[in-house]
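Each chain is listed here by its residues.
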Amino acid sequence: SSNRFKDLYLSGGVYLGGTGAANKLDDYESGTFTPTLPNGGSLTVNRALYTKIGRQVSLQFYISAINATNDGAQFQIGGLPFTSSSISNSYSAGSISYCGESDLSGLGLLNHATYLYFHFIDGTSGTSVANNTFRGLLASSSAGVMIAQISYFTN
């Protein structure tokens, strides 16, 4: 009980909960990524990290000075490190934990393919949030701050 491993290196993976192929953990990666506004605008990336274990990807990011274009295109945050699962209706949700002086409390954060997008969570609208609507929720472009996290699955 007093002997411990300092470092353990395995060449083929680890099986958790059984020896079937579905139980094999053979992929772990962590690093940084660069969030973007694919439908126009600019932002400042303060920190953006990911961890991928098997098919599950967890992101956490802190972006500021969010200045989306003033149009009706869907507000999206792109630059995700991995494409999400293409399985039908496999949306993943996340949470916004801080939004500075702005009021983003009524927004839900969702994942689709290579970007994140937002919906109102009060049930008043079935459509996603547009760039100009998102701009209206911000106290100002310089105060547009978002700290958020999301987990999703790859194929």
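Scroll up to find the structure.
In what follows, the accompanying structure is described. Because the structure is a prediction, the values reported are computed rather than measured. (Residues numbered from 1 in each chain as written. Predicted model: local features only at pLDDT ≥ 70, side-chain atom pairs only at ≥ 80, totals over all residues. Heavy atoms only, no water.)

### Let's talk about the overall build of the chain
To be explicit about the condition: Secondary structure is summarised from DSSP: a helix means a run of H or I of at least four residues, a strand means a run of E of at least two, and numbering begins at the N terminus for each. Contacts: residue pairs with any heavy atoms within 4.5 Å of one another. Note on areas: these come from Shrake-Rupley sampling with a 1.4 Å probe, and a residue is covered only by the protein chains present in the view. The charge count treats Lys and Arg as positive and Asp and Glu as negative. His and the chain ends do not count. Charge placement uses NZ in Lys and CZ in Arg. For Asp and Glu, CG and CD serve respectively.
In terms of regular secondary structure, the chain is built from one helix and 10 strands. Going residue by residue from the N terminus, the α and β elements of the chain occur as β-β-β-β-β-β-β-β-β-α-β. Along the three orthogonal principal directions, the C-alpha set of the chain runs to about 60 × 35 × 25 Å. Across the chain, contacts joining residues at least 24 apart in sequence account for 65% of those joining residues at least 6 apart. Working note: accessible area of the chain is about 9000 Å², and carbon and sulfur atoms make up 49% of it. Here the chain contributes 7 positively and 8 negatively charged side chains, and the mean placements of these two sets differ by 12 Å.

### Some thoughts on the packing of aromatic side chains
Condition: Put simply, two rings from Phe, Tyr or Trp (the six-membered ring, in Trp's case) pair if the centres are within 6.5 Å, and we call them stacked under 30 degrees between planes, edge-to-face over 60, tilted for the rest. Throughout this description, the term charge over a ring refers to an Arg CZ or Lys NZ atom that lies within 6 Å of the ring centre and within 35 degrees of the ring normal.
Enumeration according to the criterion identifies five aromatic pairs in this entry. Pairing Phe75 with Phe118 gives two aromatic rings, centres 5.5 Å apart and planes at 40°, and the pair type is tilted. Taken together, the residues Phe75 in the loop between strand 5 (56–68) and strand 6 (76–77) and Phe118 in strand 9 (residues 115–120) connect sequence positions 43 residues apart. An aromatic cluster of at least three residues, connected via ring pairs, comprises Phe75, Phe118 and Phe134. In this arrangement the basic side chain of Lys52 is found over the ring face of Phe82, its NZ or CZ atom lying 5.4 Å from the centre.

### Here's the deal with the sheet that holds strand 8 (residues 107–112)
To keep it simple, the criterion reads: Pairing between strands requires that DSSP locate at least two bridges from one strand to the other.
Read across the sheet, eight strands follow the order 3-4-5-10-7-8-9-6 without closing on themselves; strand pairing throughout is antiparallel. The sheet terminates laterally at strand 3 (28–32) and strand 6, the two strands that pair on one side only. Note that strand 7 (residues 92–98) and strand 8 share three bridges and pair antiparallel. Each residue of the ladder has a partner; that of Ala93, found in strand 8, is Leu110.

### Concerning the environment of Tyr91
Heads up, the condition is: Under the scheme applied here, a residue whose accessible area is under 20% of the maximum for its type counts as buried, over 50% as exposed, and between as partly exposed, the area being computed with a 1.4 Å probe on protein chains only.
Note on placement: Tyr91 falls in the loop between strand 6 and strand 7. Here Tyr91 falls in the partly exposed class, since its relative accessible area comes to 46%. In the structure, Tyr91 is positioned 21 residues away from His112 in sequence and 6.4 Å away in space, judged by C-alpha atoms.

### Points about a nonpolar patch on the surface
Put simply, the test is: Like charges are joined within 9 Å and nonpolar side chains (Val, Leu, Ile, Met, Phe, Trp, Tyr) within 5 Å, but only among residues with over 30% relative accessible area and no salt bridge; these make up the patches. The term salt bridge refers to a pairing of a side-chain nitrogen on Lys or Arg with a carboxyl oxygen on Asp or Glu at a separation within 4 Å.
Together, Phe5, Leu8, Leu10, Val14, Leu16, Leu25, Tyr28 and Ile53 give the surface a local cluster of nonpolar side chains, amounting to about 830 Å² of exposed area. Mapped onto the elements of the fold, Leu25 is located in strand 2 (residues 24–25).

### Regarding unusual backbone geometry
Although it is not a glycine, Ala65 adopts a positive phi angle of roughly 50°. Turning to its location among the elements, Ala65 is positioned in strand 5. Its identity is not glycine, yet Ala113 carries a phi of approximately 55°, on the positive side. Looking at the element boundaries, Ala113 is found in the loop between strand 8 and strand 9. Here Ala113 falls in the partly exposed class, since its relative accessible area comes to 26%.

### Notes on the environment of Gly12
Inspection of the secondary structure assignment puts Gly12 in the segment before strand 1 (14–15). In this structure the C-alpha to C-alpha distance between Gly12 and Gly94, which are 82 residues apart in sequence, comes to 32 Å. Once residues within four sequence positions are removed from consideration, Gly12 is found in contact with Lys24 and Asp26.

The values reported here are purely geometric and, on their own, carry no functional implication.
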